[in-house]
Amino acid sequence: MRTRETGSQQQLAGPGWLRRWWLDRPVRVKGMIVVAIPLTALVAVTSASLALQHNERLVRRTALTALALNTSAQLVLADAVNAESGMRGYAATGDPLFLQPYNLTLANIADSRAALRAAAIAEGDSRAERTVAATMTREMSELAALKSAISAGGSVSSLVPLLEEGKATMDRLRGQVAGLVQGPAAVSAAGHVNITRMESAIDVLSIAGLAVGLLAGMTGVVLFASGISYRVTRAAANANRLGQGQPLVPVPAARDELGQLARSLVHTKQLLDSRAAELVGARDEAVRASQAKNTFLSSTSHELRTPMNAILGFTQLLQMSNLSGEDQDSVTRILAAGRHLLELINELIDIARIESGGFSLSVEPVAVQPVIEESCQLIAPLAAGRSIAVSQPLPQSGLTVSADRQRLRQILVNLLSNAIKYNRLGGTVAVTCQAPGLGPAEVAVTDTGPGIAAEDLERIFEPFERLGADQTAVEGTGIGLPLARALAEAMHGHLTAASVPGEGTTFTITLPRAQDIVQAPADDKLVPLRPAAPGEPAGTSLRVLQIEDNPANIEVVSRYVKTRPSIRLQSVTSGMAGLEAAAREAPDLILLDMHMPGMQGDEVLSRLKGNPATAGIPVAVLSAEAAPAVIHRMRASGALAYLTKPLELTELGRLLDTVAAGHDPPAEPAPGAEQP
Amino acid sequence: MTGTVLYIDDVQDNVLLVQRLLRQARPDIELHAASTGADGVTAAAGTRPDLILLDNRLPGTSGAQVLRQLAASPATAAIPVVILSGDSSPATARGLLAAGAVDFLAKPFDIHQLLAVIGRYLP
């Protein structure tokens, strides 16, 4: 850019004011000027040439006139000389033959004198001509007198005076003709020289004019075109930079069209910059607001949870003590209300986290049927209290979706409790699940409540929009549905509602299907477990460590283990705690969850195997993930068995039996050992 | 006495709650309390408790900072620390577990769950 700018300075070199003046001319004026300069040069040269030619013609004409006078005067003189010579011969011989020139002159004299007169008039010297003519007339009359004397036969001596007189007249005529001819001859000679000079001047001028005109024209056009094209190129480059948001290259100010273009580009840039600055400001404002909101949420969450801790904690303490029946009931009610409040706080915080993007999910393949069953179990007391029958889909549906198991259950529980709370007494709630074709899975919850008008169907997904339920006895937080929808969307699904007023409402959760749920190949199946023989004591004093963060899963295992008194179960909720416990307790078996906060199952397994103190402890992986690749990887890392969730308790039992009996696992796979 | 537990929390209600809970359910455990991170680190080095319960938000400091200070001192590095946090977000839990906490309970905690966690380290 730098060099091109320098080039422009050179193009527009000259005094500052000239450059300024040139830049400010409109482009069409510039074009006219560029065309006018060579044209003017050509016109000037042509005019000079024409003027020279005109002069040359004048000089030529003057010279011709002079020549004509000269010629005609010489002719007159020659006539006179011829006549006089002839007459002398006649005088000497008397032979009339010598009279021939005289007669010829006599015949021609009128013409010769007329020609001389005309030339003299053209030359403007008629006085000298008149003198010559008079002398000529006198000569002729003298010759005529001589002829008469000769014819009369006069003596030679009588003729001598006449002859001498004629000779004197002849000499006078010669002198007069020479005088007449002298001026024009000089003029003619000078004119000739002039004409030659002018002709070469005209040649030089024509060639030089043509060259100057062509050169000036070409230079002008080149300068004009390159100047304009340079500025247009620069304007285009600036327009381009404008589009890319880069700073513009400075352009010399000018008032012509291109200058206006450059100025409007600069204005546009300023406008864009100020808009951009406004946008940046608005964005910063929004980011600050969002940060403020997150900080507010975080501190509110803490501030709300701190007193809740005391309320729920002390209430639980009270519940543990021996209170009278009514007091115990009061404490239970305080606890229930406190937990409801906590639920409200948690839902509010969840919604706010989803909105501010600070929400994390653990999405994995989840079998839908067991989640529906769990959710129905959770709301069973509520349904029973209102005599509402809840129907579930047939257990054979092996539908698996990609979701966060806990959040999916949260959505289902929310929809189910709504379906019960907003139902008629003795109504029904139906849960169905299906996956049409290869499309997403749909889980629907249908109630037999009063239904929702079509225009209100979207409003129910707005926070605290309870459609007049505030006037009823139905309790609710007012954010359950918005949260359920936000959760479904966070898991790349949807939540929609459809209703026939008077008949009921259907809420449908749509979730992507998990595609990687396939049966593991036979050689990847987990280590088979010998079925416990009926009545056989299931091992003695087996110490099992469960590493699992999900309380429901801990509960399932611990309930099962209670049925087998010989097993002592210890649970920790994080991988780190698990590693410590394993090293400290050296248990006989470790049940390891795959997905935990902090340290994932893979890492826990590799650390257990990497520590000599724990490397020998058999590890069974419990996971909702049934992808063959994962199973294979965990087995390769040293897992003894891989059980998929939801846990099949008989499988767990066989695993415990095998470990308790100290058997080495047989080689052939146990059928169904990793079936969900 | 089976052992000692140090509870670092600036909210007196919480300390009182855990104190009464332990008196009732685990009379064999002696509870020490500290209301600031600095006091907590000092008390931990002085009494060498079997377990530390640590509030995630303390005046002027954070649970993670206290965790680092405890881990930096040979006298306290081996003591297991359980976080009791008012902030239940998974990111917070992951961060603290990665920083060396052995367990993480969100407030309000279930007292039975807390007893279970304590029982794991002080059977």
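Since the model is a prediction, treat every value here as computed from it, not as a measurement.

**Regarding the pattern of salt bridges**
Residues and elements named next belong to chain A.
- All chains considered together, the criterion is met by 26 salt bridges over all chains.
- Across the salt bridge formed by aspartate 24 and arginine 20, the nearest N and O atoms sit 3.2 Å from each other. Of this pair, aspartate 24 and arginine 20 both sit in helix α2 (residues 16-24), 4 residues apart, which is roughly one turn of the helix.
- Put simply, Arg20, Asp24 and Arg255 are held in one network by salt bridges that share partners.

**Structural notes on helix α9 (residues 368-385) of chain A**
Residues and elements named next belong to chain A.
- Here α9 is 18 residues long and its end C-alpha atoms lie 26 Å apart, about the 26 Å a rise of 1.5 Å per residue gives.
- When the local axis directions of α9 are compared, the greatest deviation, roughly 50°, occurs at isoleucine 379, which is followed within four positions by the proline proline 381.
- Among the residues of α9, Val368, Gln369, Pro370, Val371, Ile372, Ser375, Cys376, Ile379 and Ala383 are the ones counted as buried.
- In this fold, the buried residues of α9 make contact with β1 (364-367), β2 (389-391), β3 (400-403), α10 (405-421), β4 (428-434) and β5 (441-447).
- Within two residues after α9, serine 387 carries a phi angle of roughly 55°, on the positive side.

**Looking at the interface of chain A and chain B**
- The interface of chain A with chain B comprises 32 residues on the first partner and 31 residues on the second.
- Carbon and sulfur atoms make up 56% of the area that chain A and chain B hide from each other, which totals about 2,800 Å².
- Linking chain A to chain B there are 1 salt bridge.
- For the pair chain A and chain B, the number of links is 6 residue pairs in polar contact (both at pLDDT 80 or more).
- Elements that contribute at least two residues to the side of chain A that touches chain B include exactly α7 (257-320), α8 (325-356), β9 (567-572) and α13 (575-585) of chain A.

**Considerations on the sheet that holds strand β1 (residues 3-8) of chain B**
Residues and elements named next belong to chain B.
- Ordered by their spatial adjacency, 5 strands build an open sheet running β2-β1-β3-β6-β7, and the pairing between neighbours is parallel. Bordering the open sheet on either side are β2 (29-34) and β7 (103-106), each of which pairs with just one other strand. When strand polarity is set aside, the average angle formed by the axes of neighbouring strands in this sheet is 20°.
- Most of the contacts of helix α3 (residues 63-72) go to strand β3 (residues 51-55), to which it runs at about 150°, and overall it touches β1, β3 and β6 (81-85).
- Together, β6 and β7 form the strand contacts of helix α4 (residues 90-98), whose direction differs from that of β7 by roughly 150°.

**A few points about the packing of aromatic side chains**
Residues and elements named next belong to chain A.
- Counting across every chain of the model gives 1 aromatic pair over all chains.
- Geometrically, the ring pair formed by phenylalanine 461 and phenylalanine 507 is edge-to-face, given 6.3 Å between the ring centres and 80° between the ring planes. Placement of phenylalanine 461 in the loop between β5 and α11 (480-490) and of phenylalanine 507 in strand β7 (residues 504-511) is noted, with a sequence separation of 46 residues between them. Of the two residues examined, phenylalanine 461 and phenylalanine 507, each falls in the buried class.
- The aromatic ring of tryptophan 22 is capped on one face by lysine 30, whose charged end is 5.8 Å from the ring centroid.
- In this structure, arginine 485 packs its charged tip against the face of phenylalanine 461, placed 3.7 Å from the ring centre.

**A few points about the packing of α8(A) against α11(A)**
All names here are of chain A.
- Between α8 and α11, the least distance of the axes is 10 Å, while the angle of their chain directions is 40°. Classified by the angle between their axes, α8 and α11 sit oblique to one another. Handedness of the crossing formed by α8 with α11: left-handed. Packed against α8, whose contacting residues are Glu347, Asp350, Ile351 and Ile354, the element α11 presents Gly480, Pro482, Leu483, Ala486 and Leu487 at the interface.
- Of the residues in the contact of α8 with α11, the class split is 6 nonpolar, 1 polar and 2 charged.

**With respect to the sheet that holds strand β10 (residues 589-593) of chain A**
All names here are of chain A.
- Read from one edge to the other, the open sheet built from 5 strands follows the order β9-β8-β10-β11-β12, with strand pairing classed as parallel. Only two strands of the sheet have a single partner each, and these edge strands are β9 and β12 (641-644). Pairwise comparison of adjacent strand axes, ignoring direction, gives a mean angle of 20° for this sheet.
- On the sheet, helix α14 (residues 601-610) packs against β8 (542-547), β10 and β11 (619-623) and is oriented at approximately 155° with respect to β10.

**Details of unusual backbone geometry**
Residue and element names in this part refer to chain B.
- Across the junction of lysine 107 and proline 108, the peptide omega takes the value 0°, indicating a cis bond.
- With respect to the secondary-structure elements, proline 108 resides in the loop between β7 and α5 (111-121).
- A positive phi angle, close to 45°, is found at arginine 48, a residue other than glycine.
- Mapped onto the fold, arginine 48 is located in the loop between α2 (37-47) and β3.

**Quick word on the side chain of B:Asp9**
All names here are of chain B.
- Note on placement: aspartate 9 falls in the loop between β1 and α1 (12-25).
- Taking relative accessible area as the criterion, aspartate 9 reaches 0% and is therefore assigned buried.
- Polar side-chain contacts of aspartate 9 include one of 2.7 Å to the side chain of tyrosine 7.
- The residues touching aspartate 9, leaving out its near neighbours within four places in the chain, are Asn14, Val15, Ala34, Ser35, Asp55, Leu58 and Lys107.

**Focus on the confidence of the model for chain A**
- Predicted confidence across chain A gives a mean pLDDT of 80, with 87% of residues reaching 70 or more.
- Residue range residues 663-676 of chain A is modelled with pLDDT below 50. Its contacts to residues more than four positions away, or to other chains, number 32 contacts.

**Brief notes about the nonpolar core**
- Ranked by size, the top nonpolar core spans 47 residues in total, and within it A:Ile590, B:Leu53, B:Phe109, B:Leu114 and B:Ile118 carry the most contacts.
- When residues of this core are assigned to their parent elements, the largest contribution, 6 residues, is made by α5(B).
- Setting aside residues up to four positions removed in sequence, B:Phe109 forms contacts with A:Asn309, A:Gln316, B:Tyr7, B:Leu17, B:Val18, B:Leu84 and B:Leu114.
- In this structure, A:Ile388, A:Leu416, A:Val431 and A:Val445 belong to the second largest nonpolar core, which totals 44 residues.

Calculation rules
Residues numbered from 1 in each chain as written. Chains lettered and ligands numbered in written order. Predicted model: local features only at pLDDT ≥ 70, side-chain atom pairs only at ≥ 80, totals over all residues. Heavy atoms only, no water. Salt bridge = Lys/Arg side-chain N within 4 Å of Asp/Glu carboxyl O. Helix = DSSP H or I, 4+ residues; strand = E, 2+ residues; numbered from the N terminus. Expected span 1.5 Å × (residues − 1). Bend = angle between axes of the 7 residues up to and from the residue. Buried < 20%, exposed > 50% of the residue type's maximum accessible area, 1.4 Å probe, protein only. Contact = heavy atoms within 4.5 Å. Buried area = accessible area lost by both parts, 1.4 Å probe. Polar contact = N/O pair within 3.5 Å; in protein donor to acceptor, adjacent residues only side chain to side chain. Pairing = 2+ DSSP bridges. Axes fitted to C-alpha atoms, helices over the stretch in contact; angles between N-to-C directions. Phe/Tyr/Trp six-rings, centres within 6.5 Å; stacked < 30°, edge-to-face > 60°. Lys NZ or Arg CZ within 6 Å of the ring centre and 35° of its normal. Parallel < 35°, antiparallel > 145°, perpendicular 65-115°, else oblique. Left-handed = near helix turned anticlockwise from the far one by under 90°. Nonpolar A, V, L, I, M, F, W, Y, C, P; charged D, E, K, R; others polar. pLDDT = per-residue confidence, 0-100. Core = buried A, V, L, I, M, F, W, Y, C linked by side-chain atoms within 4.5 Å.

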